[in-house]
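Results of the structural survey
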Amino acid sequence: AVRFANGKLQHPDSLRFTVYRNRDMAHPRKKHRRILVSETERLCYVGHNFGSEVMKCNSLCRYFVGVLDKNSGQMEVYNAEIFNMQPLLSGGRCWESQLLGCFVLLIPALFPWHGARTTVAVEGAHSVGFVSPGCTGCFNVCFCLVQMDLCIEAFGTSKQKRALSSRRMNAVGNDIVNTAVTKAAANVIDAKGVTALMQDMAQDDVQNISAFLPPCHEDADRPEHIYKFEDILSPAEYEALRVPAATLANITAEEMAKRAEERSHCSFVLEELKFLPTDEKSRDHKARCLWFLDTLIKFSHLKVIKKKHPMGPECPHIISRKLMKNFTSMTYNDGSIQNLISASMKAKITAYVIALALHINNFQTDLTVLQNDLKLPESRILDIAKALRLRVSKAKGVPGLENDQNHKLGTLSLPLPVQKAPEGQRKRKKMN
């Protein structure tokens, strides 16, 4: 269904309509985009169902078109959309290039009956450029833009005139801003110096990595209050771990040896299971922490999450939801939205694993063991540990583990050390 913005048609039967759809039928949003084109003896009209000027009624209501069969007397009902047809004004023959100047959100091959060849130049989400053999290049495009500006000045609505005025002011303002920014940058470098600017950038790096860390309470009076346990596991999540962690709390020596042989748990968990407390409450608490830490480490080894419950049916629903919500990124791929564990999400998982390991081990943990379990380079886990404000020292590891003579020990203690930029981020191109 169509409506014309500039009035009513006297002879609608003489109109010819053509509908075009987006070529990307795999994209969940683009596949519904349509452009409707009609041509009369005097004007061309274009309407589309996407963009900022689309009619709001299509999203608020459903429309139907009934087609009556006169022979049978039955009516068939079809879904419909309302297109607002806007006239395409032109002062010459080159109305295809006029369309290039006026409408940028268009689908390729819009006017095949005019012999136009199209070349797609995707910009952003859905902007497309056109090259037409019937036009004489950039001169015609610019000329049509000037013509359109003159038409808007003479006959445009108040909204179009405000947009034209804003565009012209921005064109002038961009030159002024560029000159002012260049001058201001030179003044800052002269006044502050390159060294101070490099320190500021290092502080920005610290702030960027802090976005993936557990909440840090710098005013805490005890180490256990710096990274609160409730910020890692909420009371509801902690309660949900009671059933799956019971197998670890009641594990026997034979089962422990079998699991170590099968490597069904990470090295950190297998080592800590040897030292479970005898007190029932403390034993249950440590078992829950170890079960969640082991799940986090296994989850970090995944790349693309394809299952609804990636950690298996034994993982509580609230924990699965926490993993998907807090430790994955959403991306679009092959026509569907997927959850993946990006590098930044793996850094976040590592930070939470270290924080939980600190609570398990009285706020001192072997970073090398966690590094091997998480399959990370040493520099990466040390950067995250320093961002967590840990003091890193050398220590001898547990006999039997890899590189047991050269381990890194992370300690969380008060007062907290001054935050520094990660070493991997310090190397930057020199500023001239």
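Residues numbered from 1 in each chain as written. Predicted model: local features only at pLDDT ≥ 70, side-chain atom pairs only at ≥ 80, totals over all residues. Heavy atoms only, no water.

Attention now goes to the overall build of the protein. Per the secondary structure count, the protein includes 15 helices and 13 strands. For the protein, the proportion of its 432 residues judged to be buried stands at 37%. When contacts within the protein are restricted to residue pairs at least 6 apart in sequence, those whose partners lie at least 24 apart make up 57%. Split by element, the accessible area of the protein, about 26,700 Å² in all, is 54% carbon and sulfur. (Helix = DSSP H or I, 4+ residues; strand = E, 2+ residues; numbered from the N terminus. Buried < 20%, exposed > 50% of the residue type's maximum accessible area, 1.4 Å probe, protein only. Contact = heavy atoms within 4.5 Å. Areas by Shrake-Rupley, 256 points an atom, 1.4 Å probe, with all protein chains shown as cover.)

This paragraph deals with helix H15 (residues 378–387). By the burial criterion, the buried members of H15 are Ile381, Leu382, Asp383, Ile384, Ala385 and Ala387. Positive backbone phi, approximately 70°, marks arginine 389, located one or two places after H15.

What follows concerns the pairing of strand S6 (residues 75–80). Note that strand S5 (residues 63–68) and S6 share 6 bridges and pair antiparallel. Counted as the bridge partner of phenylalanine 64 is asparagine 79 from S6. Here S5 folds back onto S6 in antiparallel fashion, the turn holding 6 residues, of which glycine 73 has a positive phi close to 80°. (Pairing = 2+ DSSP bridges.)

In this section: helix H14 (residues 367–374). Among the 8 residues in H14, 7 count as buried, and that is most of the element. Measuring from the side-chain oxygen of the N-cap residue of H14 to the backbone nitrogen of threonine 368 gives 3.0 Å; that N-cap residue is aspartate 366. Phi for lysine 375, located one or two positions after H14, is positive at around 60°. (Polar contact = N/O pair within 3.5 Å; in protein donor to acceptor, adjacent residues only side chain to side chain.)

Here we take up unusual backbone geometry. Going from leucine 414 to proline 415, the amide bond is cis rather than trans, its omega being -5°. Looking at the element boundaries, proline 415 is found in the segment after strand S13 (407–411). One non-glycine residue, phenylalanine 363, lies in the positive phi region at around 65°. Within the secondary structure, phenylalanine 363 is located in the loop between helix H13 (343–360) and strand S11 (364–366). Phi is positive for lysine 375, which is not a glycine, with a value near 60°.

A separate point is the nonpolar core. Residues Phe268, Leu293, Phe299 and Ile354 are the most contacted members of the largest nonpolar core, which totals 62 residues. If you list the elements that add at least two residues to this core, you get helix H6 (229–232), helix H8 (242–249), helix H10 (267–272), helix H11 (280–300), helix H12 (317–326), H13, H14 and H15. Discounting chain neighbours no more than four positions away, the residues touching leucine 293 are Cys266, Phe268, Val269, Val353, Leu356, Ala357 and Ile360. The next biggest cluster of nonpolar side chains, apart from the first, holds 6 residues, and it includes Leu15, Tyr45, Phe83 and Met85. (Core = buried A, V, L, I, M, F, W, Y, C linked by side-chain atoms within 4.5 Å.)

Turning next to the sheet that holds strand S1 (residues 2–4). Reading across from one edge, S1-S7-S4-S3-S2 is the order of the 5 strands in this open sheet, with mixed pairing throughout. Among the strands making up the open sheet, the edge pair consists of S1 and strand S2 (16–21). Averaged over all pairs of adjacent strands, the angle between strand axes in this sheet comes to 30°, irrespective of strand direction. Both strand S3 (residues 34–39) and strand S4 (residues 44–48) contribute to a ladder of 5 bridges, which runs antiparallel. By the bridge assignment for S4, serine 38 is matched with tyrosine 45. (Axes fitted to C-alpha atoms, helices over the stretch in contact; angles between N-to-C directions.)

We now examine the packing of aromatic side chains. Each aromatic ring pair is described using two quantities: the centre-to-centre distance and the angle formed by the ring planes. Here the structure, examined in full by the defined rule, presents 2 aromatic pairs. Consider the rings of phenylalanine 229 and tyrosine 238, whose centres lie 5.8 Å apart with planes at 85°: the pair is edge-to-face. Taking relative accessible area as the criterion, phenylalanine 229 reaches 15% and is therefore assigned buried. Plain terms: the ring middles of phenylalanine 327 and tyrosine 352 are 5.4 Å apart, the flat faces sit at 80° to each other, and that makes the pair edge-to-face. Within this pair, whereas phenylalanine 327 is found in the loop between H12 and strand S9 (329–333), its partner tyrosine 352 is found in helix H13, the two being separated by 25 residues in sequence. (Phe/Tyr/Trp six-rings, centres within 6.5 Å; stacked < 30°, edge-to-face > 60°.)

This part takes up the pattern of salt bridges. Taken as a whole and judged by the stated rule, the model has 9 salt bridges. Arginine 222 serves as the salt-bridge partner of glutamate 224, at 2.6 Å between the closest nitrogen and oxygen. Linking lysine 298 and aspartate 294 is a salt bridge whose minimum nitrogen-to-oxygen distance equals 3.1 Å. Of the two residues, lysine 298 and aspartate 294 both sit in helix H11, 4 residues apart, roughly one turn of that helix. Among the residues examined, lysine 298 registers a relative accessible area of 36% and is labelled partly exposed. (Salt bridge = Lys/Arg side-chain N within 4 Å of Asp/Glu carboxyl O.)

Turning our eyes to something else, we now look at the confidence of the model for the protein. Overall, the prediction assigns the protein a mean pLDDT of 76, with 71% of residues at 70 or greater. Mean pLDDT per element in the protein: helix H2 (residues 95–102) is the minimum at 38, and H11 is the maximum at 96. Low confidence marks residues 90–143, where pLDDT is under 50. Its contacts with residues over four positions away, or in another chain, come to 92 contacts. (pLDDT = per-residue confidence, 0-100.)

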